Amino acid sequence: MNVPMSATALAESTPKAQGYAMPAEFAPHDACWMLWPQRPDTWRFGAKPAQQAFVAVATAIAESETVYVGVNDEQYENARHQLPPQVRVLELSSNDAWMRDVGPTFLTHPDGRLAMVDWQFNAWGGLDGGLYFPWDKDKRIRTKIAEMLGIPRFVAPVVLEGGAIHVDGEGTLLTTEECLLNANRNPGMNREAMEQVLRDTLSIEKVVWLPRGCHLDETDGHVDNLCCFVAPGEVVLSWCDDETDPQHAICREALQVLESSTDAKGSKLRVHKLPQPGPLFIEEDEASGIDRLSSSHPRRPGDRMAGSYVNFYIGNSVVVMPLLDPALDEQARGVLQGLFPDRRVIGVPAREILLGGGNIHCITQQQPKAPLS
Ligand code: KQY
C-alpha cells in the first residue's frame, strides 16, 4: 500500500481532522534539516565564508540530534569534505539555503505518526518583491523529503514560509500581519480566512497577530526574527531601547499586543526582552564580494540588515544563537541561558548568514520526535 507518499489537498481532508498537530520547537526532535549555501548573488566570495558559518551551526546542533544537510550535486564533495562526519550530507537540489522556509512544517500524531505541511512558496513575494527567480528547486524540497521519510504530505492552499510562524505546541500560534496578509503572499485574504487555514493545518486554536516584523526585514516581517516561544506562556522579544530607531516603535507595538494577549489556554503571556544587536549595515568590502544580478535582491553597501538574536535554534540539549555584535553578544547569551537552563547556549559567529538576509533559525528546520517513535 502506498499511503506514506500520499499528497492530500486540504480541501479533501485536513491534518486536524486526522489528528495531527504542530509541536513546539522546544519539544523533543529526531533531527534537524539544513541546506548548503552556494549562490554567489546571496553569499559573498562564492559562499566560502557562509559555508564556514553553516558548518559551525550544523556541528553545534549535531551535539544533540541528527543533522541532515541537503546539497546541490556540484557542491556535494565540497560540503562532505567541510562538514564533520556526524553530519549527514545528501544530494537535495535547492535554489538557496533557507530550510526553515522551503522545508517541511512537520506534524505529529498522538499515535506516533509523522506528517508534513507543504505550503505554497513564492520566494518571499514572487515577482512583487520576492528575493530571487526562479525558485523551482526550492518548491520541490518538501515533496522530496516526504518521499525520503515516507510520510504523508498535506498541501496547504496559502503562501507561507516556516519563519513566518511559531507555535507553543499547546494551541497558540504567533505570526505577523505584515507577512501572512501581505498582498505579495496571500492577496485579498483576511485574518479570519487565514486563521481558519492555520487551525485546519496545524491544529492551533489561537493566533496572536503582531502587526510588523523587524525593520527592513527582506522577508516582509517574519516573526522568527522578532519574537518566539521559549516555553508555553512565555515569549522572547527582540528589544530596541533607542527611540530614534524605527525598530523601537515596532518593538513597542509588539510588546503591547503580547502583553494584552492570552494564549489558547487563556493564560497571559510572559514577555522576556532580548537586546537588539547593532544597528548593523552591509560594509563596502562585504557588498563587493556579492554578485549583483537583476533576478535577485540587491545587497548594497550601507544597506541596514535586520539583525536579531531571536533568530536562534532550540535543539534537544543546546540552543544555537547568532553572534552579531561584540558589544551585546555576551548579554544576549546570558538572557538566553537564563531562559533555557536545561540546554547549553552555543554562540556561533553569524554575520555571514545575516549578509544573506536571515539567520540560524532561518537555515534550520526541526523534525520533531513522533511521540511513540
Ligand atoms: O526568516 C527566515 N526564516 C528566512 C530568511 C530568508 C531570507 C532570504 N534571503
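For clarity, every value in this text was computed on a predicted model and none was experimentally measured.

Draft legend 1. Examining the environment of T108 more closely. Summarising the element assignment, T108 is placed in strand β5 (residues 105-108). What makes T108 buried here is its relative accessible area of 12%. Considering only alpha carbons, one finds T108 and A287, 179 residues apart in sequence, at a separation of 42 Å. Setting aside chain neighbours within four positions, we find T108 in contact with G19, Y20, A21, P23, R113, L114, P368, K369, A370 and P371.

Draft legend 2. Representation of the sheet that holds strand β13 (residues 270-275) in the model. Pairing is mixed across the open sheet formed by three strands, whose spatial order is β11-β12-β13. Of all the strands in the sheet, just β11 (227-231) and β13 have a single pairing partner and so form its edges. Here the strands of the sheet are splayed against their neighbours by 35 degrees on average, with no regard to which way each runs. Each of β11, β12 (234-239) and β13 is contacted by helix α7 (residues 246-259), which is oriented at about 165 degrees to β12, the strand it contacts most. On top of the sheet, helix α9 (residues 329-339) reaches β11, β12 and β13; it is set at about 155 degrees to β13, its chief contact.

Draft legend 3. Summary view of the site of the ligand. Around the ligand, the surrounding shell holds 15 residues, and the nearest of these are D101, E218, H222, G356 and C362. Residue H222 places a side-chain N or O atom 2.9 Å away from an oxygen atom belonging to the ligand. The separation between a nitrogen atom of the ligand and a polar main-chain atom of G356 is 2.9 Å. When isolated, the ligand has an accessible area of 300 Å², and the protein chains bury 98% of it. Grouping the constituent residues of the shell around the ligand by class yields four nonpolar, six polar and five charged.

Draft legend 4. Quick look at the pattern of salt bridges. Going through the model one piece at a time under the given rule, you end up with 20 salt bridges. Among the ionic pairs, E25 bridges to R100, the shortest N-O distance being 3.9 Å. Here E25 is found in the loop between β1 (7-9) and β2 (29-35), whereas its partner R100 is found in helix α3 (residues 99-102), with 75 residues between them in sequence. The residues E25 and R100 share a single accessibility class, namely buried. R113 is the salt-bridge partner of D111, the closest N and O atoms lying 2.9 Å from each other. A relative accessible area of 38% places D111 in the partly exposed class. The class of R113 is partly exposed, set by a relative accessible area of 39%. Where salt bridges share partners, they join D118, R142 and R153 into one cluster.

Draft legend 5. A look at the pairing of strand β19 (residues 365-368). Residues of β19 alternate between two faces, with Q365 and Q367 on one and Q366 and P368 on the opposite face, all of them buried. Across four bridges, β2 lies against β19 in antiparallel orientation. Across the sheet, residue W33 finds its bridge partner in β19, namely Q365.

Draft legend 6. Region of the structure containing the layout of surface pockets. In this structure, the largest pocket occupies an estimated 270 Å³ of space. Elements supplying a minimum of two residues to the lining of the largest pocket: β15 (304-305) and α10 (351-355). Residue composition of the lining of the largest pocket, grouped by class: seven nonpolar, six polar and six charged. Its boundaries defined by the atoms lining it, the second largest pocket holds a volume of some 160 Å³. In this structure, the second largest pocket is lined by W239, C240, D241, D242, D245, P275, Q276, G278, P279 and L328.

Draft legend 7. Local environment of the packing of aromatic side chains. Per the counting criterion, the structure on display carries eight aromatic pairs. The interplanar angle of 65 degrees and the centroid separation of 5.7 Å between the aromatic rings of Y20 and F154 together place this pair among those described as edge-to-face. Taken together, the residues span a long stretch of sequence, with Y20 in the loop between β1 and β2 and F154 in strand β7 (residues 153-159) at a distance of 134 residues. Here the two residues Y20 and F154 agree in accessibility, since each one is buried.

Draft legend 8. Up close: the sheet that holds β2. Taking strand neighbours across the sheet as the criterion, the four strands line up as β4-β3-β2-β19 in an open arrangement whose pairing is mixed. Sheet topology places β4 (88-91) and β19 at the edges, where each strand pairs with a single neighbour. Adjacent strand axes in the sheet meet at a mean angle of 25 degrees when their direction is disregarded. Its contacts with the sheet place helix α4 (residues 136-149) against β2, β4 and β19, and it is angled at close to 140 degrees to β2.

The rules behind each value
Residues numbered from 1 in each chain as written. Predicted model: local features only at pLDDT ≥ 70, side-chain atom pairs only at ≥ 80, totals over all residues. Heavy atoms only, no water. Helix = DSSP H or I, 4+ residues; strand = E, 2+ residues; numbered from the N terminus. Buried < 20%, exposed > 50% of the residue type's maximum accessible area, 1.4 Å probe, protein only. Contact = heavy atoms within 4.5 Å. Pairing = 2+ DSSP bridges. Axes fitted to C-alpha atoms, helices over the stretch in contact; angles between N-to-C directions. Near = heavy atom within 4 Å. Polar contact = N/O pair within 3.5 Å; in protein donor to acceptor, adjacent residues only side chain to side chain. Areas by Shrake-Rupley, 256 points an atom, 1.4 Å probe, with all protein chains shown as cover. Nonpolar A, V, L, I, M, F, W, Y, C, P; charged D, E, K, R; others polar. Salt bridge = Lys/Arg side-chain N within 4 Å of Asp/Glu carboxyl O. 1 Å grid on protein atoms, 1.4 Å probe; cavity = no way out; pocket = protein on both sides within 12 Å on 5 of 7 lines; lining within 4 Å. Points joined across faces, edges and corners; volume = space filled by probe spheres on them. Phe/Tyr/Trp six-rings, centres within 6.5 Å; stacked < 30°, edge-to-face > 60°.

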